[in-house]
Amino acid sequence: MRVTAAIVLLIACLSGGGPSRPVWELTLTQRAAVQSMAATASGQAWLIGKDGALQRWDGRAWAPAGTPPRFWSAYGNLVTSPAGDDLWLFGGEQPLQWQGRWVSRPFPRGEFAAGPQAVAARDRVWVGEQGGPEDCVCVGIRYWDGTQWRDVATGGQAFDTQFTKVAPPWLVNHEGMLRWENGRRQQVAPPVASFGCRSWEGYTIERLTSGPGGAWAVAQVAEPVASRCLGHHAELRVLLRWDGAAWRRVELPLDGTGVAGLAVDASGGVWLAANPGGRPYVLRWEKGRWRRTVLPRGTGIARIAPEPGTGRLWVQAQDGPDTLIYRLS
């Protein structure tokens, strides 16, 4: 009986009783470029190409999904909530929300230079309005409450638009950070103390994301010289985590590594896509540990999208002229 029990235990371990190994599934190879990717809780994923054409994954294969009306292909961006319960498309004459079909959600004052977008949950959407010198800063924010767009007060501050694409939204400028929590605006001190700088001039926030697992950022940092940071030429890349009160540095070797994606999934796990000098890889942080999985093919990762409710990750990579779409299980 003891021998039989030992054999059963061994078989259980070998057949999946122990930790499972990540599996890469190559779902698509094409020459056409992809400019945006998103995944929803329905088990579907979406791609949009430079030509404005959509493709949709139905759980088994990719299929053409048409081109939305009045869509500007050069600026198309798919945005979904962390829980995957809402999907939006920006880049045309009007924002579009997916409800089994694309439904127009026009801005109330006609033409609107839409900047980056954040979808926190279903019908909770923020959009930055581009303006200022060369249209490079966010001069206003609008919020979709489920029925209409509303203006959001920013206290007269302008922000770098590329960092508003998180949920719930954070905005970054040279004086610090601004975030919304429970409908309230909160000013947050910049994370310069995390890496020895005294002012914003010594660092640049490269990636910023937030979700159920909190907020995370990747910063490029100039090494401190004589107790101060010099210039804008980064010499070090660091990972930061918001603990609810301040930014703390996370010990993770990223020097010499390009970060292609940073995302928090619905379960609170954190994904980071890295393009080092060698083979690209992804890292998943969960329960205080990092797990590294190397891409089987490709010269660089372009973007990532967590698949809500599954623990899987969609990865867009490049291999010469080919665009590769992987799903990591």
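Each chain has its residues counted from 1, running along the sequence as written. Per-residue local features are limited, in this predicted model, to residues with pLDDT of at least 70; the limit for side-chain atom pairs, both in listing and counting, is 80 or more; totals at the level of whole chains, interfaces and linings are taken over all residues. With hydrogens and water set aside, each side-chain value is computed from the structure's full complement of heavy atoms.

**Some points on the overall build of the protein**
Here is step 1: The helix count covers DSSP runs of H or I at least four residues long, the strand count covers runs of E at least two residues long, and both are numbered beginning at the N terminus. The helix and strand inventory of the protein stands at one helix and 30 strands.
Here is step 2: Accessible area is worked out with a 1.4 Å probe on protein chains only. A residue is then buried under 20% of its type maximum, exposed over 50%, and partly exposed in between. Per-residue burial over the protein gives 47% buried out of 329 residues.
Here is step 3: Long-range pairs, those at least 24 residues apart, make up 43% of the contacts in the protein with a sequence separation of at least 6. Any two residues whose heavy atoms approach within 4.5 Å at even a single point are treated as in contact.

**So, the side chain of N77**
Here is step 1: Relative to the helices and strands, N77 is located in strand β6 (residues 77-80).
Here is step 2: Side-chain polar atoms of N77 contact the side chain of S36, separated by 3.2 Å.
Here is step 3: Engagement of the side chain of N77 in a polar contact is seen with the side chain of Q117, the distance being 2.8 Å. Identification of polar contacts relies on pairs of N or O atoms within 3.5 Å, with a donor-acceptor requirement for protein atoms, meaning one able to donate a hydrogen and the other able to accept it, and with residues adjacent in sequence counted only if both atoms are side-chain atoms.

**Some words on the pairing of strand β29 (residues 312-319)**
Here is step 1: Where strand β28 (residues 300-307) lies against β29, seven bridges are found, and the strand directions are antiparallel. By the bridge assignment for β29, A305 is matched with W314.
Here is step 2: One bridge is not enough; two strands pair if DSSP finds at least two bridges between them. Following β28, the chain reverses through four residues before pairing antiparallel with β29; G309 in that reversal takes a positive phi of roughly 75°.
Here is step 3: Pairing of β29 with strand β30 (residues 322-328), which is carried by seven bridges, proceeds in the antiparallel orientation.

**Examining the sheet that holds strand β7 (residues 87-90)**
In a beta sheet, neighbouring strands pair by backbone hydrogen bonds and run either parallel or antiparallel.
Here is step 1: Here four strands make up an open sheet; going across it, the order is β6-β7-β8-β9 and the pairing antiparallel. Strands at the two margins of the open sheet, each flanked by one partner only, are β6 and β9 (102-104). Sheet twist, expressed as the mean angle between neighbouring strand axes with direction ignored, is 30°.
Here is step 2: Pairing between β7 and strand β8 (residues 96-98): two bridges, direction antiparallel. By the bridge assignment, W88 is partnered in β8 with Q97. The axes used here are C-alpha line fits, helices contributing only the stretch in contact, and every angle between their N-to-C directions lies in the interval 0 to 180 degrees.

**A short note on the side chain of T40**
Here is step 1: Within the secondary structure layout, T40 lies in the loop between β2 (34-39) and β3 (45-49).
Here is step 2: Among the polar contacts listed, one links the side chain of T40 to the side chain of S42, at a separation of 2.8 Å.
Here is step 3: When residues no more than four places from it in sequence are discounted, the contact partners of T40 are W46, T80, G84, L87 and P308.

**Digging into the layout of surface pockets**
Here is step 1: Here the term cavity refers to a set of points on a 1 Å grid, laid over the protein atoms alone, in which a 1.4 Å probe fits but cannot get out; the term pocket refers to an open set having protein on both sides within 12 Å along at least five of seven lines, with lining residues being those that place an atom within 4 Å of a point. Grid points are joined across faces, edges and corners, and a volume is the space filled by probe spheres set on the points. For the second largest pocket, the calculated volume is near 410 Å³.
Here is step 2: Lining the second largest pocket we find 18 residues, and of these P22, W271, R284, E286 and R291 sit closest to its centre.
Here is step 3: The set of elements that each furnish at least two residues to the lining of the second largest pocket consists of β26 (281-286) and β27 (289-294).

**Brief notes about the sheet that holds strand β25 (residues 270-275)**
Here is step 1: Across the sheet, four strands lie side by side as β24-β25-β26-β27; this open sheet has antiparallel pairing. The open sheet has two free edges, formed respectively by β24 (258-264) and β27, since each of these has just one partner strand. Between one strand axis and the next, the sheet turns by 20° as a mean value, whatever way the strands run.
Here is step 2: The sheet contact formed by β25 and β26 spans five bridges and is antiparallel. Bridge assignment links L272 to a residue of β26, and that residue is L283.

**Details of the pattern of salt bridges**
Here is step 1: When a carboxyl oxygen of Asp or Glu is within 4 Å of a side-chain nitrogen of Lys or Arg, the pair counts as a salt bridge. Using the criterion set out here, one finds twelve salt bridges in the structure.
Here is step 2: A salt bridge links D86 to R122, with the nearest nitrogen and oxygen atoms 3.5 Å apart. Taken together, the residues D86 in the loop between β6 and β7 and R122 in the loop between β10 (114-121) and β11 (124-131) connect sequence positions 36 residues apart.
Here is step 3: On the basis of relative accessible area, D86 is assigned to the buried category, the value being 1%.
Here is step 4: Between R284 and D265 there is a salt bridge whose closest N-O contact spans 2.5 Å. Residue R284 is located in strand β26, and its partner D265 is located in the loop between β24 and β25; the two are separated by 19 residues in the primary sequence.
Here is step 5: Assessed through its relative accessible area of 13%, R284 is described here as buried.
Here is step 6: The class for D265 is buried, based on a relative accessible area of 5%.

**Details of the environment of K50**
Here is step 1: If you trace the backbone, K50 turns up in the loop between β3 and β4 (54-57).
Here is step 2: Each C-alpha atom of the pair K50 and V34 lies 6.2 Å from the other, and the pair is 16 residues apart in sequence.

**Digging into the confidence of the model for the protein**
Here is step 1: Think of pLDDT as the predictor's per-residue confidence, scored from 0 to 100. Averaged over all residues, the pLDDT of the protein equals 79, while 75% of them reach at least 70.
Here is step 2: pLDDT under 50 marks residues 1-18. Its contacts with residues more than four places away, or in other chains, come to two contacts.
Here is step 3: The model gives residues 225-234 a pLDDT under 50, and that stretch makes 18 contacts with residues more than four places away or in other chains.

**Digging into the environment of L178**
Here is step 1: Relative to the assigned elements, L178 resides in strand β16 (residues 176-181).
Here is step 2: Along the chain, L178 and A189 lie eleven residues apart, while their C-alpha atoms are 8.7 Å from each other.

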